[in-house]
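# Structural overview for review
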Amino acid sequence: MKFGDLELYTLSDGTHTEDGGGMFEYFPKDIWANYKVDGRNPYRTDEHNNVLQAANCLLIKHPDGNILVETGMHDKTRSYVKHHNIIKKPSLIESMDVVGIKPSDIGIVINSHLNPDHVGWNTRYVNGDLKPTFENAKYVIQRKEFQTAMNPGFELENDYFSAKEDALPLEASGNLELVNGEKEVLPGVFVVPTPGHTAGHQSVIIKADATMLYAGDMAALVMHQEKPRCKMAFDALGRVDCWMTKKKLLYDRAAENGWFTYFYHETSFSTGIINKSINAKGETEYKVKKKLIYNQ
């Protein structure tokens, strides 16, 4: 997808499953399991109440360097792979190869947060030692997120169980760049704090001839964007904090201005445009319209 002087690509790291109730919290199953996206019901569950999800990493080909947003699923822990039915067909590295990009070609990696389903290829084993997969890249992470991941405490320990493998080696190698708040990482590409799913979660705004919001797990699926009250049970912060973040960036800016939005976990499509409208009852509604992107 051409985006001004940029090119944007969806790079798959396969699929996985997640508990449906956890993904939609207090919304009744009858609503989310039958919710239509692009004419189908992507949130139907298997016999274990699990919903199929994608790992749609985003490649930004920028005149000043290549940026990779997210690095896919953690697969270094066998029980995690089994529990989440992780299938990497293709893997992120295979997807990169299709578009002619090698790990060494990436100059910046952005992790929205450090939960294991977003950081799987941050590192890989080289001669028995964990090294950055993208050896020439700076990994841009909010300082608050990294500090939480390193010292999560009892309540968040499971959320960050892979951080010692997927995040800590970045500090030792010198590839880690911790930021405090909003930062323009390359011209037109910004990271912005969006606390809610985690306290140090960040999203990405891409400004060219149009604007795109990579919301990360602030609003991971189409239903999360179209339904203002829809959030995950996995969110670390409460409803009010999640809502204030979502309202400010997604509804007061993205929906008001018809921004493109990007979905990391959605299987229906990775890119859409979110718009605000008023229905016949005078109620505000939000709708995401599918927008094609180069999918690999």
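Structural data are supplied above this passage.
Heads up: these notes are all about the structure in this document. What you see is a predicted model; the values in this text were computed from it and never measured.

### A closer look at the pairing of strand β3 (residues 50-62)
With 11 of 13 residues buried, β3 is to be regarded as a mostly interior element. Of the strand pairs in this sheet, strand β2 (residues 6-19) and β3 are connected by 11 bridges, and their pairing is antiparallel. Across the sheet, leucine 8 pairs through a bridge with isoleucine 60, a residue of β3. Where β3 lies against strand β4 (residues 65-69), 5 bridges are found, and the strand directions are antiparallel. Each bridged residue has a counterpart across the sheet, and for leucine 58 the counterpart in β4 is valine 69. Adjacent in sequence and paired antiparallel, β3 and β4 are bridged by 2 residues.

### Let's talk about a nonpolar patch on the surface
Taken together, Val240, Trp243 and Met244 make up a surface patch of nonpolar side chains, about 310 Å² in accessible area. Within the secondary structure, methionine 244 is located in helix α10 (residues 239-257). With a relative accessible area of 49%, methionine 244 lands in the partly exposed category.

### What about the pairing of strand β10 (residues 183-186)?
Here β10 pairs with strand β11 (residues 189-193) via 3 bridges, running antiparallel. What sits directly across from leucine 186, in β11, is valine 189. Hairpin connection, β10 to β11: the antiparallel pair is bridged by 2 residues, and glycine 188 has positive phi, about 85°.

### Points about the packing of aromatic side chains
Counted according to the given criterion, the structure contains 11 aromatic pairs. With a centroid separation of 6.5 Å and an interplanar angle of 50°, the aromatic rings of phenylalanine 134 and tyrosine 139 are classed as tilted. For tyrosine 139, a relative accessible area of 0% puts it in the buried group. Geometrically, the ring pair formed by tyrosine 251 and tyrosine 286 is tilted, given 4.3 Å between the ring centres and 40° between the ring planes. With tyrosine 251 in helix α10 and tyrosine 286 in strand β16 (residues 284-290), this residue pair connects regions lying 35 residues apart in the sequence. Residue tyrosine 251 is classed as buried on the basis of its relative accessible area, which comes to 2%. Lying across the ring of phenylalanine 190, lysine 207 places its NZ or CZ 5.1 Å from the centre.

### Structural notes on the sheet that holds strand β13 (residues 211-214)
Strand order in this open sheet of 7 strands is β10-β11-β12-β13-β14-β15-β16, and the pairing throughout is mixed. Sheet topology places β10 and β16 at the edges, where each strand pairs with a single neighbour. Across the sheet, the mean angle from the axis of one strand to that of its neighbour is 30°, orientation sign disregarded. By the bridge criterion, 7 bridges tie strand β15 (residues 271-278) to β16 in an arrangement that is antiparallel. Residue pairing across strands places glycine 272 opposite lysine 290, the latter belonging to β16.

Cut-offs and rules
- Residues numbered from 1 in each chain as written.
- Predicted model: local features only at pLDDT ≥ 70, side-chain atom pairs only at ≥ 80, totals over all residues.
- Heavy atoms only, no water.
- Buried < 20%, exposed > 50% of the residue type's maximum accessible area, 1.4 Å probe, protein only.
- Helix = DSSP H or I, 4+ residues; strand = E, 2+ residues; numbered from the N terminus.
- Pairing = 2+ DSSP bridges.
- Patch = residues over 30% accessible without salt bridge, like charges linked within 9 Å, V, L, I, M, F, W, Y side chains within 5 Å.
- Areas by Shrake-Rupley, 256 points an atom, 1.4 Å probe, with all protein chains shown as cover.
- Salt bridge = Lys/Arg side-chain N within 4 Å of Asp/Glu carboxyl O.
- Phe/Tyr/Trp six-rings, centres within 6.5 Å; stacked < 30°, edge-to-face > 60°.
- Lys NZ or Arg CZ within 6 Å of the ring centre and 35° of its normal.
- Axes fitted to C-alpha atoms, helices over the stretch in contact; angles between N-to-C directions.

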